[in-house]
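# Coordinate analysis (summary)
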Amino acid sequence: QVQLVESGGGLAQAGGSLRLSCAASGRTLRSYGMGWVRQAPGKEREFVAGISWSGGSTRYADAVKGRFTISRDNAKNTVYLQMNSLKPEDTAGYYCAARFLQSIVGVTPEEYDYWGQGTQVTVSS
């Protein structure tokens, strides 16, 4: 079973940038499709971005398309989420997630099997 630990969250101003990292342990990430999901207070979990196990395919929520970029470094067992042009509505807890032996990118939170503990992102206006 893979364990996931997120880092890189914090406070940013609108228009600013943050980069989240998700480090895996216990298993190699090469066998996992990966994703980022966020949840704001009082709202349901929302898919943000996903990437295939090879990194060859990515998917994004419409709300972040063109601003966020997901990537992975399998040699470092790490997945990243580069967030640019941040908006106050991006404020949420951001969670890294993994799905085992899936070549198709998951685009809903329910498609993911393993989760990190989350990192908070707060964007001020």
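The residue count restarts for each chain, going from 1 along the sequence in the order it is written. Owing to the predicted nature of the model, reporting of local features is limited to residues with pLDDT of at least 70; listing and counting of side-chain atom pairs is limited to 80 or more, with chain, interface and lining totals taken over all residues. Excluding hydrogens and water, the side-chain values take into account all heavy atoms of the structure.

## Quick notes on the pairing of strand 1 (residues 3-7)
Where we set the bar: Partly exposed residues are those whose accessible area sits between 20% and 50% of the maximum for their type, while under 20% is buried and over 50% is exposed, using a 1.4 Å probe and protein chains only. A run of DSSP states H or I qualifies as a helix once it reaches four residues; a run of E qualifies as a strand once it reaches two. Both are numbered from the N-terminal end. Criterion used throughout: strands pair if DSSP finds at least two bridges between them.
Residues of strand 1 alternate between two faces, with Leu4 and Glu6 buried on one and Gln3, Val5 and Ser7 left unburied on the opposite face. Taken together, the five bridges between strand 1 and strand 3 (residues 18-25) define a ladder with antiparallel strand orientation. Note on strand 3: the bridge partner recorded for Ser7 is Ser21.

## Let's talk about the nonpolar core
Heads up, the rule is: Buried residues of nine kinds, namely Ala, Val, Leu, Ile, Met, Phe, Trp, Tyr and Cys, make up a nonpolar core once their side-chain atoms join them within 4.5 Å.
Judged by nonpolar contacts, the single largest core of 34 residues is most densely connected at Leu4, Met34, Trp36, Leu81, Met83 and Tyr94. Counting only elements with at least two residues in this core, the list comes to strand 3, strand 4 (32-39), strand 5 (46-51), strand 7 (68-73), strand 8 (78-83), strand 9 (92-100) and strand 11 (119-124). In terms of residues, this core owes the most to one element, strand 9, which gives five residues.

## Details of the side chain of Arg67
The following threshold applies: Pairs of N or O atoms are called polar contacts if they sit within 3.5 Å, as long as, within protein, a hydrogen donor faces a hydrogen acceptor (for residues adjacent in sequence, only side-chain-to-side-chain pairs). Whether two residues touch is decided by their heavy atoms; if any such pair falls within 4.5 Å, the residues are in contact.
Along the chain, the position of Arg67 falls in the loop between strand 6 (58-60) and strand 7. Engagement of the side chain of Arg67 in a polar contact is seen with the backbone oxygen of Ala63, the distance being 2.8 Å. With residues up to four places along the chain from it excluded, the contact list for Arg67 reads Gln82, Met83, Asn84, Ser85, Leu86, Lys87 and Asp90.

## With respect to the sheet that holds strand 3
Where we set the bar: Axis angles are defined between N-to-C directions and span 0 to 180 degrees, where every axis is a line fitted to C-alpha atoms and, for a helix, only to the segment in contact.
The four strands are arranged 1-3-8-7 in an open sheet whose pairing can be described as antiparallel. Of all strands in the sheet, those with a lone pairing partner are strand 1 and strand 7, marking the two edges. Strand-to-strand twist in this sheet, taken as the mean axis angle between neighbours without regard to direction, amounts to 15 degrees. When strand 7 meets strand 8, the two strands line up antiparallel, connected through six bridges. Paired with Phe68 across the two strands is Met83, which belongs to strand 8.

## Side note on the state of the cysteines
Basically, it comes down to this: Cysteine sulfur atoms are paired as a disulfide whenever they come within 2.5 Å of each other.
One pass over the structure, following the stated rule, counts one disulfide. Here Cys22 pairs with Cys96 through a disulfide, and the sulfurs are 2.0 Å apart. Between Cys22 and Cys96 the sulfur-sulfur dihedral comes to about -75 degrees; the bridge is accordingly left-handed. Of this pair, Cys22 sits in strand 3 while Cys96 sits in strand 9, placing them 74 residues apart in sequence. With respect to class, Cys22 is no different from Cys96; both count as buried.

## Looking at the pattern of salt bridges
Quick note on the threshold: Should a side-chain nitrogen of Lys or Arg be within 4 Å of a carboxyl oxygen of Asp or Glu, the pair is scored as a salt bridge.
If you walk through the whole model with that rule in mind, you get six salt bridges. Salt-bridge contacts for Arg38 lead to Glu46; the nearest nitrogen and oxygen are separated by 2.8 Å. Given the relative accessible area of 5%, Arg38 is considered buried. Taking the relative accessible area as the measure of exposure, Glu46 reaches 31% and is therefore partly exposed. One salt bridge connects Asp90 with Arg67, and the closest N-O pair in it is separated by 2.8 Å. Pair noted here: Asp90 is in the loop between strand 8 and strand 9 and Arg67 is in the loop between strand 6 and strand 7, with a separation of 23 residues, a long-range link.

Worth remembering: the numbers are spatial, not functional.
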